[in-house]
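# An overview of the molecular structure
Spelled out from the first residue to the last, the chains are:
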Amino acid sequence: MTVSRVLFTKFIVADLPAAKTFYEQAFGFVVRNRITLPGMEEVLIGLADDTFTLVLYHHTDGRALTRGDHHGPLGLSTRDIDAAWDRAIAAGGTAVRPPEDLPGMRIAFLDDPEGHTIELIQYKRDKAREGATQ
């Protein structure tokens, strides 16, 4: 059996309204759905033109959260990494590694207000291929 597509990733957050606001302001995410059950609440957010969903999960039963490091960053593609970086920092993100050039791309890392790492990637156009027919 094969997997047909990636649906979501889930971040457990202590402050659900603040996390939702950060992703809306920093990256333009919109709310797709809310789920409230005993002991938990989720806000499902994503970009308007993409099917991937980021689930912001919050325990409502008072249980403490312990931040772990057994995960990698949330990767987001952008056409303008400097503008995306500035907007995310202004929305409350914390700089980890500012935009830098790598072969074929620019990358940057920042943490959201709850400490989840976000990797921004801007792929560079090959100036030699612009205007090429193949």
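See the structure shown above.
Residues numbered from 1 in each chain as written. Predicted model: local features only at pLDDT ≥ 70, side-chain atom pairs only at ≥ 80, totals over all residues. Heavy atoms only, no water.

### Focus on the overall build of the protein
- Scanning the protein for helices and strands turns up two helices and eight strands.
- In the protein, the succession of helices and strands from N to C terminus is β-α-β-β-β-β-α-β-β-β.
- A principal-axis box enclosing the C-alpha atoms of the protein has dimensions of 55 × 40 × 25 Å.
- Residues classed as buried in the protein amount to 36% of the 134 residues present.
- Long-range contacts, defined here as pairs at least 24 residues apart, represent 45% of the contacts in the protein between residues at least 6 apart.
- Averaged over its 15 positive side-chain charges, the protein has a centre that lies 5 Å from the centre of its 19 negative ones. (Helix = DSSP H or I, 4+ residues; strand = E, 2+ residues; numbered from the N terminus. Buried < 20%, exposed > 50% of the residue type's maximum accessible area, 1.4 Å probe, protein only. Contact = heavy atoms within 4.5 Å. Lys, Arg positive; Asp, Glu negative; His and termini not counted. Charge placed at Lys NZ, Arg CZ, Asp CG, Glu CD.)

### Comments concerning the side chain of Thr53
- Following the sequence through the fold, Thr53 ends up in strand β4 (residues 53-59).
- The exposure class of Thr53 is buried, given its relative accessible area of 11%.
- Setting aside anything within four residues of it in sequence, one finds Thr53 in contact with Leu7, Phe8, Thr9, Arg32, Leu44 and Ile45.

### Quick look at the pattern of salt bridges
- Under the criterion given, the structure shown has seven salt bridges.
- A salt bridge links Lys10 to Glu42; its shortest N-O distance comes to 2.7 Å. Here Glu42 lies in strand β3 (residues 40-46) and Lys10 lies in strand β1 (residues 8-12), a separation of 32 residues in the sequence.
- Using a relative accessible area of 8% as the deciding quantity, one classes Glu42 as buried.
- Asp101 is the partner of Lys124 in a salt bridge, and the nearest nitrogen-oxygen pair spans 3.3 Å. On the criterion of sequence distance, the pair formed by Lys124 in the segment after β8 (117-123) and Asp101 in strand β6 (residues 94-102) is long-range, its members being 23 residues apart.
- Of the residues examined, Lys124 reaches a relative accessible area of 38% and is grouped as partly exposed.
- Each of the salt bridges in this network shares a partner with another, and the network as a whole consists of Asp82, Asp101, Arg106 and Lys124. (Salt bridge = Lys/Arg side-chain N within 4 Å of Asp/Glu carboxyl O.)

### A word on the environment of Ile12
- In this structure, Ile12 sits in strand β1.
- For the pair Ile12 and Arg32, spaced 20 residues apart in sequence, the C-alpha separation works out to 17 Å.
- Setting aside residues up to four positions removed in sequence, Ile12 forms contacts with Tyr57, His59, Leu65, Glu114 and His116.

### Points about the nonpolar core
- One finds Phe22, Tyr23, Phe27, Leu54, Leu56, Ile118 and Leu120 to be the most contacted residues of the largest nonpolar core, which totals 24 residues.
- For this core, the secondary-structure elements that each account for two or more residues are α1 (16-27), β3, β4, β5 (74-77), α2 (81-90), β7 (105-111) and β8.
- When residues in this core are grouped by element, the largest group, six residues, is from α1. (Core = buried A, V, L, I, M, F, W, Y, C linked by side-chain atoms within 4.5 Å.)

### Here's the deal with the sheet that holds β3
- Reading across the sheet, the four strands line up as β1-β4-β3-β2 and stay open at both edges, with mixed pairing between neighbours. In this open sheet, the two edge strands, each paired with only one partner strand, are β1 and β2 (30-37). Adjacent strand axes in the sheet meet at a mean angle of 20 degrees when their direction is disregarded.
- By the bridge criterion, six bridges tie β3 to β4 in an arrangement that is antiparallel. Residue pairing in the sheet places Glu42 in a bridge with Tyr57 of β4.
- Here α1 sits on the sheet and contacts β1, β2, β3 and β4; the angle it forms with β4, its principal contact strand, is near 160 degrees. (Pairing = 2+ DSSP bridges. Axes fitted to C-alpha atoms, helices over the stretch in contact; angles between N-to-C directions.)

Read these as spatial facts, not as claims about activity.
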